[in-house]
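Observations on chain architecture
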Amino acid sequence: MKKTLINIICIIFLTGFYLGSQGCALNFDTGGSASGIIEKSGELTQNEVWDGRIYVTGTVIVPEGVTLTIRAGTIVGFEPADDPIELVVQGELYAEGAPDRMIVFGSLGKQSAAKTETDPKSTMSQTLTRDTIKQQITMPTESSTQAMTAEPPKAGDWLGITIEAQSPNSRLTYCRIQHATTAIFCGTDSVQIERCLFSENKIGVLCDNTNPTISANEFNRNGSGAQFRGTAAPEVEYNEFNANRYGLVCEDDSRPRIQHNNIRSNYEYAIICYSTASPEIISNNITLNSGWAVYDGGRLRDNYISGNKQVGLNITEMSISTQSDQFYGVDEVFDPRNTPVLEAGVPNDKF
């Protein structure tokens, strides 16, 4: 009985999670059954296809030689825990959604039930039918009050999707990934990340000495949209980096090629470089960021840089010096623009 009640509560939270993340109506009739929820934990032993509502209660490992396919419209909800859980890919992962049926990965938030009985005798004799379960979850009764308390999902509730070096190929398209420590960790070049939405993560995408394809995604309200370590040199193109703390963070000796992106309205720097990192920054619109447009590294060519560091909404940076009012300590500057790059950002047929 307790297990059934927990599963039905999970269904309710998964439904609310989906509605909140997709912003559209969902016909989700559970019929009082928990059969719509599939629980997952541990190492997969064979190829699997996930479809519908997946409730991840412990770290899932896709070992070498095994393929996990996730169908469009699937919701993958991770249970927050003191020791956060993750999806580890050593084999292959294909999570390919559709513009109107995105795959959603995220936290369910922490839920707990506090039960106060005003009439123990009546409560013990009550039959736990479909209607009474719904009643206990949604409203108090004279005999029993079932109060649900919930902490809203937040960044770091789960670790994220880790694609390890031995993975021969993985692809994520039309996915929404949120509430993770690192939404996607790329430990191999053989990853394609396209037309995904990253929101409310500590880090959206992290590349460690790897060069995956990161194209036509939206990074919104993360600690940092994308982060590059070691000698990482991925192609980062046609993305939107908006309202993050930092747009892109380049560390160590990373050399990403950052081109045709819109990087705007981030709370601190649009692009920040550490150590000897020197990204190629080409044909981007870098606008209205509260901090520097580019800080302490990078080669700039054909960028539209305007309104950063609170210099003024209509102030366009035309300097070719390595230091200006809107960028600081860059390596080189060529051909600054006085008009926006029209083809930058996610293409119009986005999700």
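Owing to the predicted nature of the structure, the values given are computational and were not obtained by experimental measurement.

Summing up its helical and strand segments, the protein chain has three helices and 33 strands in all. Within the protein chain, the fraction of its 351 residues that count as buried is 52%.

Here we take up the nonpolar core. Membership of the largest hydrophobic core comes to 58 residues, with the highest contact counts inside it found for L87, F105, I161, L172, I177 and I271. With four residues, the top contributor of residues to this core is strand β3 (residues 53-62). Every residue in contact with I161, bar those within four places of it in the chain, is listed here: L87, V89, L93, F105, L172, I177, T182, A183, I184 and F185.

With that out of the way, let us pick up the confidence of the model for the protein chain. Within the protein chain, residue pLDDT values average 85, and 78% of them lie at 70 or more. Across residues 1-15, confidence stays below pLDDT 50; counting only partners more than four residues off in sequence or on other chains, it has 31 contacts. When the criterion is pLDDT under 50, residues 115-145 qualifies, and its contacts beyond four places in sequence or with other chains add up to 36 contacts.

If you walk through the whole model with that rule in mind, you get eight aromatic pairs. Centroid distance Y246 to Y269: 6.0 Å. Interplanar angle 65°. Geometry classified as edge-to-face. Linking Y246 in strand β23 (residues 246-250) with Y269 in the loop between β25 (262-264) and β26 (271-273), this pair joins segments that are 23 residues apart in sequence. Of the residues examined, Y246 reaches a relative accessible area of 15% and is grouped as buried. Consider the rings of Y295 and Y328, whose centres lie 5.1 Å apart with planes at 15°: the pair is stacked. Note that Y295 is positioned in strand β29 (residues 294-295) and Y328 in strand β32 (residues 327-328), a separation of 33 residues in sequence. For Y295, a relative accessible area of 24% gives the class partly exposed. Here the aromatic cluster, defined as three or more aromatic residues joined through ring pairs, consists of Y246, Y269, W292, Y295 and Y328. Directly above the aromatic system of W292 lies the positively charged group of K309, at a separation of 4.5 Å from the ring centroid.

A separate point is the pairing of strand β15 (residues 191-194). The side-chain alternation of β15 yields one buried face, formed by V191 and I193, and one unburied face, formed by Q192 and E194. With four bridges joining them, strand β12 (residues 169-173) and β15 adopt parallel strand pairing. Each residue of the ladder has a partner; that of S170, found in β15, is V191. Of the pairings in the sheet, the one linking β15 to strand β18 (residues 213-215) comprises three bridges and is parallel in character. In the sheet register, Q192 faces β18, and the bridge partner there is T213.

What follows covers the sheet that holds strand β4 (residues 67-70). Strand order in the open sheet formed by eleven strands is β2-β4-β7-β12-β15-β18-β21-β24-β27-β30-β33, and the pairing between neighbours is parallel. Looking at the sheet topology across the chains shown, the edges are occupied by β2 (48-50) and β33 (332-334). In this sheet, neighbouring strand axes are inclined to one another by 10° on average, regardless of whether the strands run parallel or antiparallel. Here strand β21 (residues 235-237) runs beside strand β24 (residues 257-259); their pairing, made up of three bridges, is parallel. Its bridge partner being in β24, E237 is matched across the sheet by Q259.

On the secondary structure map, N242 appears in strand β22 (residues 240-242). When residues no more than four places from it in sequence are discounted, the contact partners of N242 are F219, N220, R221, N262, R264 and N266.

Okay, unusual backbone geometry next. Although it is not a glycine, Y238 adopts a positive phi angle of roughly 60°. Looking at the element boundaries, Y238 is found in the loop between β21 and β22. Even without a glycine there, the phi angle at K309 is positive, about 55°. When you line up the elements, K309 lands in the loop between β31 (304-306) and β32. Using a relative accessible area of 34% as the deciding quantity, one classes K309 as partly exposed.

Right, let's get into the pattern of salt bridges. All chains considered together, the criterion is met by 14 salt bridges. For R299, the salt bridge goes to E332, with nearest N and O atoms at 3.4 Å. One end of the pair, R299, is in strand β30 (residues 299-301); the other, E332, is in strand β33, and 33 residues separate them in sequence. What makes R299 partly exposed here is its relative accessible area of 30%. Ionic contacts of the salt-bridge type, sharing partners, join the residues E96, R171 and E194 into one network.

About the cut-offs
- Residues numbered from 1 in each chain as written.
- Predicted model: local features only at pLDDT ≥ 70, side-chain atom pairs only at ≥ 80, totals over all residues.
- Heavy atoms only, no water.
- Helix = DSSP H or I, 4+ residues; strand = E, 2+ residues; numbered from the N terminus.
- Buried < 20%, exposed > 50% of the residue type's maximum accessible area, 1.4 Å probe, protein only.
- Core = buried A, V, L, I, M, F, W, Y, C linked by side-chain atoms within 4.5 Å.
- Contact = heavy atoms within 4.5 Å.
- pLDDT = per-residue confidence, 0-100.
- Phe/Tyr/Trp six-rings, centres within 6.5 Å; stacked < 30°, edge-to-face > 60°.
- Lys NZ or Arg CZ within 6 Å of the ring centre and 35° of its normal.
- Pairing = 2+ DSSP bridges.
- Axes fitted to C-alpha atoms, helices over the stretch in contact; angles between N-to-C directions.
- Salt bridge = Lys/Arg side-chain N within 4 Å of Asp/Glu carboxyl O.

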